[in-house]
Amino acid sequence: MEAVGPNPFLFVSAVLFVCGVVCMTTKRNGIGVLMGVELVLNGASLNFVTFSKFTPLGLDGQVFSLFVIVLAAAEAAVALAIALNFYNNHLTIDVDRGDELHG
Amino acid sequence: MSVETMLFWLFAILTCGGAVSVAVSQNVVRMAFSLVLCLGSTAVMFLLLGADFVGATQLMVYVGGTVVLLVFGVMLTATGPFTKIKSSGADAILSGLIGVIFLFIISTTVTAVDWGDISQKVAIGTHQKTAARGFNPEQQGNTTRPLGLSFLSVRADRDLNLSRNVPSVEKPVEDAPKLSSGYLLPFEIVSIHLLVVLVGASYLARAKRRVATNQ
Amino acid sequence: MDTLLAANSLAEFLQTQTIPICGCPIDATTAMVLAAIMHVALVGAWFGLPAGLFIWAERKISGRIQDRLGPTRTGGRFGWLQSLADGAKLIQKEDLVPADADGLMFRLAPYIVVVASFAAYMVLPFSDGWSALGLDVGLFLTFAILSLEVLGVILAGYSSGSKWALFGAIRESAQMVSYEIPMAICALCPIITAGTLNLTEVGQLQSGGFWNWNILHPFNFFAFFVYFTCATASCKRAPFDLAEAESELVAGFLTEYSGMRWSFFFLAEYASMFLVSGLATVLFLGGWDDGFGILSVVKANAGSFVGNALGLVIFMKKASLLVCVQIWVRWTLPRLRIDQVMTTCLKYLIPISCVLFAGTVAYPLILVKVSGNTSILGGPSGDRVVQPHQPMSQADTVPNKPTQMTAATAERSGR
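The paragraphs below set out a description of the structure included in this document.

Parameters at a glance
- Residues numbered from 1 in each chain as written.
- Chains lettered and ligands numbered in written order.
- Predicted model: local features only at pLDDT ≥ 70, side-chain atom pairs only at ≥ 80, totals over all residues.
- Heavy atoms only, no water.
- Helix = DSSP H or I, 4+ residues; strand = E, 2+ residues; numbered from the N terminus.
- Buried < 20%, exposed > 50% of the residue type's maximum accessible area, 1.4 Å probe, protein only.
- Contact = heavy atoms within 4.5 Å.
- Core = buried A, V, L, I, M, F, W, Y, C linked by side-chain atoms within 4.5 Å.
- Domains from an automatic or database assignment.
- Axes fitted to C-alpha atoms, helices over the stretch in contact; angles between N-to-C directions.
- Parallel < 35°, antiparallel > 145°, perpendicular 65-115°, else oblique.
- Nonpolar A, V, L, I, M, F, W, Y, C, P; charged D, E, K, R; others polar.
- Expected span 1.5 Å × (residues − 1).
- Buried area = accessible area lost by both parts, 1.4 Å probe.
- Salt bridge = Lys/Arg side-chain N within 4 Å of Asp/Glu carboxyl O.
- Polar contact = N/O pair within 3.5 Å; in protein donor to acceptor, adjacent residues only side chain to side chain.

## Comments concerning the overall build of chain A
Here's step 1: Scanning chain A from terminus to terminus reveals three helices and zero strands.
Here's step 2: Listing each helix as α and each strand as β along chain A from the N terminus yields α-α-α.
Here's step 3: Counting over 103 residues, chain A shows a buried share of 58%.
Here's step 4: The contacts of chain A with a sequence gap of at least 6 include a subset with a gap of at least 24, amounting to 52%.

The structure is reproduced here in structure tokens:
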């Protein structure tokens, strides 16, 4: 009866991170890009909690993942407000259309 | 195979599946649902790691709050029902390839490190005390009280004097335990930050609507 | 890896037993799986049974309130088979998916709602220590899981591909999200008094007599009523049932649903009605305590199992009574308008609950200054009485051997 070590958890968080990055780069929907950011942050906080369990990081890791969660919520709120403004200006949420400053 | 291991693999598959389907899916609402699946399973992973408070916070703030916000954003910005904004195929293939390579690099790096050895090296000078026991069995993730204390700037689980003063049979601890300082200042900064975000987000969303009605 | 699995104590008990036929001992994994299945079956039964019972009660009570008889014909004297007949009818109905709907999401949405209200039962203590999960974050986890219900509602409304459903879902989700705030703040008031989030400990602190119940605390008294109002609103019950305001919205987010999926939403509604009532019972009304110390006498004389079973009955009675109050309110008060609902929450209930929260925090401090005690009656209110969990292997399985018990206790305290 072997217990699960840190590596499987770290692998899962790596998958979360990579999926988030891929999501951020490929999605043209602004909200989709936001979801990618959430995935990346989640991978990071899973890493923190894993290390808080398997290393003497202790509570610090959990505190950091709490901060990550709370700040991600704040980030989502502001980003959504920006997305709504974008939608009101361009009548679409396609981020490729926001190229007015491109010259 | 113990129950914990089975649960871990079940929820690891759910987490990864949700994450992949967020990255692959083209429909925003389905993406939101996959995100719920992924974040919820991550919360269970937190619980499996003994971080009960973080897991509950993840469920409450992320799944119950942020994702609801995202879904509202989807609804408010959709031009028609079930709109899809397709990303180009070449982009998807390229980024998928880079993603796989990146995942390979990360996973080989992770498996190359001996975490147990590093823990022992880092462990010198730190000392874990068990938290006060509640009704539940020990190590069922009794993290609520220590976390609350650490936000009040008291770290009951860590003794800073221990590094200078290693207890042994011949030489018992002389100094009183010196509790390490906690996270009061970051906590306050985050609360102020949240207030600013609250005001700012509602201002951003509100001002726009006024302009829209003027037009 | 020690985890937060359900049913630890049951698993510990099972490990001491042997399989009847072959006589071989049960190993840890099997015991844990068995215990988990037993808990799921128990909680699942409690998810399905009262829904039928409460639907019948709702019909009867509403009939009486409106000066009718309610169901009389089905199943003998009181029409008690009515909900079974309803269930049979709903199962037979065709499970329709509209052509405009997003099929997968449409089919999944009811399950999210059901899973959310089902999973919240994990930490609810039905009697002293009788909860599937005795977590230290009990109440927090309950609210976290309950907040998932909103997602199911939004998905149901959005994926239906119908304007009525979308309007209903937007209204409903706005209402549920807003009412969560004062509900959680008011639920925190007894938590402040008890000093723990663990619902079992909150219940234990109130045992011994009705004067220990949190509702007699001056601020918790008002918090109870605010909590109950918000709980009614978050269960989508009248007078806050804007989602299914038939006169304006057909049936809200349920418009396109039929058959079993429709009934899943209702099962979930009744289950969460009982859940919030159970929470109110544990937080404010003493949980499984009878109020006059009868329970402790029973426990002393007939053993703790009989006492806990009696506690279960008492808990069920209290929670069911609160559900009946919800039914009574539904058939007595007219439905509010959506702006009135939101005004009630944001302009009145949230400030009131904040004041109550601040009052609950300040109350013991002021009392200590004035009288030198944290409570007026000198009961255990506010003082933590921690009873650590004792694994079965250490605790005595045979209670009528006092010498062994004292030896074991001495051994434990010596460690």
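## With respect to the overall build of chain B
Here's step 1: A tally of helices and strands in chain B yields seven helices and two strands.
Here's step 2: Seen in sequence order, chain B has helices and strands lined up from the N terminus as α-α-α-α-α-α-β-β-α.
Here's step 3: When each of the 215 residues of chain B is scored for burial, the buried share is 42%.
Here's step 4: Sequence-distant contacts in chain B: of pairs separated by 6 or more residues, those separated by 24 or more amount to 59%.

## Here we look at the nonpolar core
Here's step 1: A:Ile31, A:Met35, C:Tyr121, C:Leu139 and C:Tyr227 are the most contacted members of the largest nonpolar core, which has 158 residues in total.
Here's step 2: If one sorts the elements of this core by residue count, helix H11 (residues 259–283) of chain C sits on top with 14 residues.
Here's step 3: Inspection of this core shows a minimum of three residues originating in each of domain 1 (1–92) and domain 2 (96–383) of chain C.
Here's step 4: Among residues more than four places away in sequence, those in contact with A:Ile31 are A:Leu80, A:Ala83, A:Ile93, B:Val28, B:Leu70, B:Gly73, B:Val74 and B:Thr77.

## Regarding the packing of helix H2 (residues 30–54) of chain A against helix H2 (residues 28–48) of chain B
Here's step 1: Running from N to C, H2(A) and H2(B) point in directions that differ by 10 degrees, and their axes come no closer than 11 Å. Here H2(A) lies roughly parallel to H2(B), going by the angle between them. Here A:Ile31, A:Gly32, A:Met35, A:Leu39, A:Asn42, A:Ser45, A:Leu46 and A:Val49 of H2(A) lie close against H2(B), whose contacting residues are B:Val28, B:Met31, B:Ala32, B:Leu35, B:Cys38, B:Leu39, B:Thr42, B:Met45 and B:Phe46.
Here's step 2: Residue composition of the contact of H2(A) with H2(B), by class: 13 nonpolar, four polar and no charged.

## What about helix H3 (residues 59–90) of chain A?
Here's step 1: Taking 1.5 Å per residue as the helical rise, H3(A) with its 32 residues ought to reach 46 Å, and the 46 Å between its terminal C-alpha atoms agrees with that figure.
Here's step 2: Trailing H3(A) by a residue or two, A:Leu91 shows a phi angle of about 55 degrees, which is positive.

## With respect to the packing of helix H9 (residues 218–234) of chain C against H11(C)
Residue and element names in this part refer to chain C.
Here's step 1: Between H9 and H11, the shortest axis-to-axis distance is 10 Å and the interhelical angle comes to 170 degrees. When the interaxial angle is binned, H9 and H11 end up roughly antiparallel. Side by side, H9 and H11 meet where Phe 224, Tyr 227 and Ala 231 of the first sit next to Val 276, Leu 279 and Ala 280 of the second.

## Quick look at the interface of chain B and chain A
Here's step 1: In this complex, chain B contributes 78 residues to the contact, which on the side of chain A involves 70 residues.
Here's step 2: Roughly 6600 Å² of surface becomes buried between chain B and chain A when both sides are summed, with 79% attributable to carbon and sulfur atoms.
Here's step 3: Taken together, chain B and chain A are joined by zero salt bridges.
Here's step 4: At the boundary of chain B with chain A, the tally comes to five residue pairs in polar contact (both at pLDDT 80 or more).
Here's step 5: Elements that contribute at least two residues to the side of chain B that touches chain A include exactly helix H1 (3–24), H2, helix H3 (52–77), helix H4 (89–112), helix H5 (115–123), helix H6 (144–151), strand E1 (155–159) and helix H7 (184–214) of chain B.
Here's step 6: In terms of residue count, H3(B) provides more of the side of chain B that touches chain A than any other element does, 13 residues in total.
Here's step 7: A per-class count over the side of chain B that touches chain A returns 49 nonpolar, 23 polar and six charged.

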